[in-house]
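# Coordinates in review
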Amino acid sequence: MLTLAHWVFLFFILMIIVTLFFRKPPILPAAIGLFGVGLAESRNGIEAVQISFRALILATSNLLGVIILIGLVVALTQLLQKTKADQILVRPLLKIKSMSLAYWAVGVTMWVLTLLIWPTPALTLLGAVVVPILGRIGIHPLVLAASLAIFGKGIGLSGDFIIQGAPSLVSKATGIPVTVLLSASFPVVILSGICGAGFGYIAIRFFLSGEQGAADYPRSEPGSEPLQIPHERGRLLAGIMALGYTGTVFMILMFKIHGDEASGLIGGVTLLILCICTVLTEGKNAFSQFINYVKDGLRYAMGVFAPIVMMAGFFFMGTAAGSEQIFLKEGAGFFYDYTILLAEWIPLTKWTVVGLVTFTAVLASLDGSGFSCLPLVGGMAIALSQVSQIPAVPLAVLGQVVGIWTGAALIPWGFAAVTSAVAGVDVQRLMKYILPAYLAAILTALGWTLFQL
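The following refers to the structure shown. In this text, all values refer to a predicted model and were calculated from it rather than measured experimentally. (Residues numbered from 1 in each chain as written. Predicted model: local features only at pLDDT ≥ 70, side-chain atom pairs only at ≥ 80, totals over all residues. Heavy atoms only, no water.)

## Topic: the overall build of the chain
Within the chain, the secondary structure is distributed over 19 helices and zero strands. A globule of 453 residues ought to have a C-alpha radius of gyration of about 22 Å, and the chain, at 22 Å, matches this closely. Dimensions of the chain, computed from C-alpha atoms along their principal axes, come out at roughly 75 × 55 × 45 Å. The 453 residues of the chain split such that 55% are buried. For the chain, the share of sequence-separated contacts (at least 6 apart) that also reach a separation of at least 24 residues comes to 78%. As presented, the chain carries roughly 18800 Å² of accessible surface, and 69% of it is formed by carbon and sulfur atoms. Across the chain, the mean location of the 24 positive side-chain charges is 9 Å away from that of the 19 negative side-chain charges. (Helix = DSSP H or I, 4+ residues; strand = E, 2+ residues; numbered from the N terminus. Rg over C-alpha atoms; globule rule 2.2 N^0.38 Å. Buried < 20%, exposed > 50% of the residue type's maximum accessible area, 1.4 Å probe, protein only. Contact = heavy atoms within 4.5 Å. Areas by Shrake-Rupley, 256 points an atom, 1.4 Å probe, with all protein chains shown as cover. Lys, Arg positive; Asp, Glu negative; His and termini not counted. Charge placed at Lys NZ, Arg CZ, Asp CG, Glu CD.)

## Describing helix H7 (residues 141-159)
The terminal C-alpha atoms of H7, which comprises 19 residues, lie 26 Å apart, in line with the 27 Å expected from a rise of 1.5 Å per residue. By the criterion of burial, H7 is predominantly enclosed, with 19 of the 19 residues buried. Among the residues trailing H7, Asp 160 stands out with phi positive, at a value near 50°. (Expected span 1.5 Å × (residues − 1).)

## Considerations on the environment of Ala 184
Along the chain, Ala 184 falls in helix H9 (residues 178-209). Here the alpha-carbon distance between Ala 184 and Ile 326, two residues 142 residues apart in the chain, equals 30 Å.

## Details of the pattern of salt bridges
Taken as a whole and judged by the stated rule, the model has three salt bridges. One salt bridge in this structure joins Lys 82 and Glu 282, with 2.8 Å as the shortest N-O distance. Of this pair, Lys 82 sits in helix H3 (residues 45-82) while Glu 282 is found in helix H11 (residues 259-282), placing the two residues 200 residues apart along the sequence. Here Lys 82 falls in the partly exposed class, since its relative accessible area comes to 48%. Put simply, Arg 299 and Asp 296 hold a salt bridge, and the shortest N to O gap is 2.8 Å. (Salt bridge = Lys/Arg side-chain N within 4 Å of Asp/Glu carboxyl O.)

## Some remarks on helix H2 (residues 27-42)
With 16 residues, H2 extends 23 Å between its outermost C-alpha atoms, agreeing within 8% with the 22 Å of an ideal straight helix rising 1.5 Å per residue. Those residues of H2 hidden inside the fold are in contact with helix H1 (4-21), H3, helix H12 (286-316) and helix H14 (334-345).

## Quick word on the packing of aromatic side chains
Considering all chains together, one arrives at 15 aromatic pairs under this definition. Plain terms: the ring middles of Phe 207 and Tyr 433 are 5.4 Å apart, the flat faces sit at 40° to each other, and that makes the pair tilted. Linking Phe 207 in helix H9 with Tyr 433 in helix H19 (residues 427-452), this pair joins segments that are 226 residues apart in sequence. Take Phe 207 and Tyr 433: they sit in the same class, and that class is buried. Note on Phe 314 and Phe 315: the rings are 5.5 Å apart at their centroids and 70° apart in plane angle, and the pair reads as edge-to-face. As far as the burial class goes, Phe 314 and Phe 315 line up, both buried. Grouping aromatic residues by their ring pairs yields a cluster made of Phe 9, Phe 314, Phe 315, Phe 327, Phe 334 and Tyr 338. For Lys 432, the ring lying beneath its charged end belongs to Phe 207, and the centroid distance is 5.0 Å. (Phe/Tyr/Trp six-rings, centres within 6.5 Å; stacked < 30°, edge-to-face > 60°. Lys NZ or Arg CZ within 6 Å of the ring centre and 35° of its normal.)

## Observations regarding the nonpolar core
Across soluble globular proteins, you tend to see nonpolar side chains buried next to one another. Ranked by internal contacts, the top residues of the largest apolar core, which has 147 residues, are Phe 314 and Phe 371. In terms of residue count, the dominant contributor to this core is H3 (16 residues). In this view, Phe 371 contacts Leu 63, Trp 118, Gly 165, Ala 166, Leu 169, Phe 305, Ile 308 and Ile 404; residues no more than four positions away in its chain are not counted. (Core = buried A, V, L, I, M, F, W, Y, C linked by side-chain atoms within 4.5 Å.)

## Regarding unusual backbone geometry
In this structure, Asp 160 is a non-glycine residue whose phi angle is positive, near 50°. Of note, Asp 160 is situated in the loop between H7 and helix H8 (165-174). A relative accessible area of 0% means that Asp 160 is categorised as buried. A positive phi angle, near 65°, is found at Gln 164, a position not held by glycine. Mapping Gln 164 onto the fold places it in the loop between H7 and H8.

## Observations concerning a nonpolar patch on the surface
On the surface, Leu 236, Leu 272, Ile 276 and Leu 280 cluster together into a nonpolar patch covering about 330 Å² of accessible area. Structurally, Ile 276 can be placed in helix H11. Ile 276 sits in the partly exposed class, given a relative accessible area of 37%. (Patch = residues over 30% accessible without salt bridge, like charges linked within 9 Å, V, L, I, M, F, W, Y side chains within 5 Å.)

## Brief notes about the side chain of Thr 358
Considering the arrangement of structural elements, one finds Thr 358 in helix H15 (residues 350-364). With a relative accessible area of 12%, Thr 358 lands in the buried category. With residues near it in sequence (within four places) discarded, Thr 358 still touches Leu 398, Val 402 and Leu 446.

## Description of the packing of H7 against H9
Closest axis-to-axis distance for the H7/H9 pair is 9 Å, and the angle between their directions is 170°. The pairing of H7 with H9 is recorded here as roughly antiparallel in orientation. Residues Val 143, Ala 146, Ile 150, Phe 151, Ile 155, Ser 158 and Gly 159 of H7 form the contact with H9, whose own contacting residues are Leu 182, Val 189, Gly 193, Gly 196, Ala 197, Gly 200, Ile 204 and Leu 208. When grouped by side-chain class, the residues that make up the contact of H7 with H9 number 10 nonpolar, five polar and no charged. (Axes fitted to C-alpha atoms, helices over the stretch in contact; angles between N-to-C directions. Parallel < 35°, antiparallel > 145°, perpendicular 65-115°, else oblique. Nonpolar A, V, L, I, M, F, W, Y, C, P; charged D, E, K, R; others polar.)

Next up, the structure:
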């Protein structure tokens, strides 16, 4: 039986969806929803305020490790850009001469970097250097922007095999071990990624052939500004970073490190590299410059994740973890109760359950991040599984893949907006290029999940 809190929670979910439909930031409705649901649940104003704060604390505690890691990586990226060491890391890409090679080579590089340092820092590191350099030799920036979006947040973060932030968040919402989620997600991510990348390439060839494309894109003229060659210190820093992250990946694979331990290892290595590189670069100014790098990096990370914390805090209210840690009572959560009601109205077959998870993942990703939906789809997956007796793992993995891909490719104010800004292209035009890739990836993930069930 649904209580007043259930209806208030559902009302604010609809408010968030309406807000997103009109392309407004949904943070204010989510924040007000924290108080509204808290008041409906507790019937006490003081306790409602406490509930809202506990929701933010729960969301922050689940995201804090990732926030710090991204902040450290951004700090290191700034240092590499300052010394031009980033140009050393992408130098093999400078031999690219064709659109096809640019799409696949830049994409695979972006995928690898995303696995190591996440999509936004990878985009900052790779896009800011590769896009203008390859643009000088005639590679259309739309080709590079589509490749960065599809391979970065689409393929890279939907699996998140190394940092494991996305599966860790799903794990905390469902109680499913991270190792189980990673094992189950690998074929889904790879198959959907191959299909998405393939259809993305076909779409680029098709669209560019019908409009001013790569062949018409202005190439560099004689006498244009040459590529600035990094000095010896830049080469040293690039070598330290390459060696450090290569060794980290080797240790993760060799010793089978997963979840928070893998994130901790990468974060610690990043901090160590940042310390070493700051000393080598700044010399006697290292004491003051190091804190500036860290402050800038963490300020950026907090700016990116602040709205995600608010959204995640609201959606955590509907999970079992939210029931225990936010409302301080035992219970399966609002989402489970909703599925009980749905079970009375809709026969919960594998087709309807998969459809509900997909629909939920798309709607909850409309804030543009694709990451804040993970507690919601995780809670929905485990609740639907308990009611329908359908395995929870494939449903949770499907929700993760669909949610991340939606934030990567479907929402024009999401990762596509960041990518278009870096590449200097129109976001609406970029959306047209990557929409076929998104549809191909989602349909592949749906097909694989239905086959597994």
